[in-house]
Amino acid sequence: CINYEGVYDEATDTYPLIENCSPPTSILLTFSTYGTYTLISEGGSDGTTIEEVDTWEWLDDSQTKISIGEDPEYENEDYTSPLIIETLTDDSLIMSISYDSEPAYTVTYILSSQ
């Protein structure tokens, strides 16, 4: 429901919202064994939407670090680490990624079945 083509407000660090938009009620993330993933949102104003499809690969033998995409957007100066799988069960996935910017920050993604 964020209008990224709208005017960015530096004071609040936000973009305007789209009127009468309802956010997705669920997100589905699938990883294939042959190295692709798909991120799908469902239940919002846009219905079912494929948000992203790209490649992934393991970066370590313990299978906790993954690299996503061959897209140049993942190869910028702020990108300092791969996605780290913190917890993976049959119905839950918690991943994090750190960025080296001013200030440095970490984003954690928590997905679980309902």
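Note that the structure is a prediction, hence the values are computed from the model and not measured. (Residues numbered from 1 in each chain as written. Predicted model: local features only at pLDDT ≥ 70, side-chain atom pairs only at ≥ 80, totals over all residues. Heavy atoms only, no water.)

## Points about a nonpolar patch on the surface
Part 1 of the reasoning: Where nonpolar side chains cluster on the molecular surface, the patch consists of Ile2, Tyr4, Tyr8, Tyr15 and Leu17 and spans about 530 Å² of accessible area.
Part 2 of the reasoning: Tyr8 gets classed as partly exposed once you look at its relative accessible area, which sits at 35%. (Patch = residues over 30% accessible without salt bridge, like charges linked within 9 Å, V, L, I, M, F, W, Y side chains within 5 Å. Areas by Shrake-Rupley, 256 points an atom, 1.4 Å probe, with all protein chains shown as cover. Salt bridge = Lys/Arg side-chain N within 4 Å of Asp/Glu carboxyl O. Buried < 20%, exposed > 50% of the residue type's maximum accessible area, 1.4 Å probe, protein only.)

## Structural notes on the side chain of Ser41
Part 1 of the reasoning: Structurally, the position occupied by Ser41 is in strand E2 (residues 36–44).
Part 2 of the reasoning: On the basis of relative accessibility, which here comes to 5%, the residue Ser41 falls in the buried class.
Part 3 of the reasoning: Here Glu51 takes part through its side chain, which lies 2.6 Å from a polar atom of the side chain of Ser41.
Part 4 of the reasoning: Once residues lying within four places of it in the same chain are set aside, the contact partners of Ser41 are Pro24, Ser26, Ile27, Gly47, Thr48, Thr49 and Glu51. (Helix = DSSP H or I, 4+ residues; strand = E, 2+ residues; numbered from the N terminus. Polar contact = N/O pair within 3.5 Å; in protein donor to acceptor, adjacent residues only side chain to side chain. Contact = heavy atoms within 4.5 Å.)

## Comments concerning the nonpolar core
Part 1 of the reasoning: One finds Tyr37, Trp56, Ile66, Ile68, Leu83, Ile85, Leu93, Met95, Ile97 and Tyr99 forming the largest nonpolar core, which totals 10 residues.
Part 2 of the reasoning: Broken down by secondary-structure element, the contributors of at least two residues to this core are strand E4 (65–68), strand E5 (83–89) and strand E6 (92–99).
Part 3 of the reasoning: If one sorts the elements of this core by residue count, E6 sits on top with four residues.
Part 4 of the reasoning: With near-sequence residues (within four places) excluded, Ile85 lies in contact with Trp58, Gln63, Thr64, Ile66, Leu93, Ile94 and Met95. (Core = buried A, V, L, I, M, F, W, Y, C linked by side-chain atoms within 4.5 Å.)

## Description of the sheet that holds E5
Part 1 of the reasoning: Taken in spatial order, the seven strands make up an open sheet running E1-E2-E3-E4-E5-E6-E7, and their pairing is antiparallel. If you trace the sheet from one side to the other, it starts and ends with strand E1 (26–31) and strand E7 (105–112), each paired once. Here the average twist between neighbouring strands, direction ignored, is 30°.
Part 2 of the reasoning: Sheet analysis places strand E3 (residues 47–58) next to E4, joined by three bridges and oriented antiparallel. Paired with Trp58 across the bridge in E4 is Ile66. (Pairing = 2+ DSSP bridges. Axes fitted to C-alpha atoms, helices over the stretch in contact; angles between N-to-C directions.)

## Brief notes about the pairing of E6
Part 1 of the reasoning: Across the eight residues of E6, six count as buried, placing the element largely inside the fold.
Part 2 of the reasoning: Looking at chain direction, E5 and E6 are connected through five bridges and run antiparallel. Looking at E6, one finds that Ile84 is bridged to Ser96.
Part 3 of the reasoning: Here E5 folds back onto E6 in antiparallel fashion, the turn holding two residues.
Part 4 of the reasoning: Note that E6 and E7 share eight bridges and pair antiparallel. Its bridge partner being in E7, Ser96 is matched across the sheet by Thr108.
Part 5 of the reasoning: In this structure, the hairpin formed by E6 and E7 is closed by a connection of five residues.

## Points about the confidence of the model for the protein
Part 1 of the reasoning: Looking at the protein, the pLDDT average stands at 78 and 87% of residues meet or exceed 70.
Part 2 of the reasoning: Per-residue pLDDT, averaged within each element of the protein, yields its smallest value for E4 (78) and its largest for E2 (86). (pLDDT = per-residue confidence, 0-100.)

## Side note on the packing of aromatic side chains
Part 1 of the reasoning: Enumeration according to the criterion identifies four aromatic pairs in this entry.
Part 2 of the reasoning: Both rings, one in Phe31 and one in Tyr37, keep their centres 6.1 Å apart while their planes meet at 40°; by these two values the pair is tilted.
Part 3 of the reasoning: Note on Tyr37: relative accessible area 6%, which makes it buried.
Part 4 of the reasoning: Measuring from centroid to centroid gives 5.5 Å for Phe31 and Trp56, while their planes differ by 80°, and the two rings are edge-to-face. Remark: Trp56 occurs in strand E3 and Phe31 occurs in strand E1; sequence separation between them is 25 residues.
Part 5 of the reasoning: We classify Trp56 as buried; its relative accessible area is 13%.
Part 6 of the reasoning: Each residue in the set Phe31, Tyr37, Trp56 and Trp58 is aromatic and connected to the rest through ring pairs, giving one cluster. (Phe/Tyr/Trp six-rings, centres within 6.5 Å; stacked < 30°, edge-to-face > 60°.)

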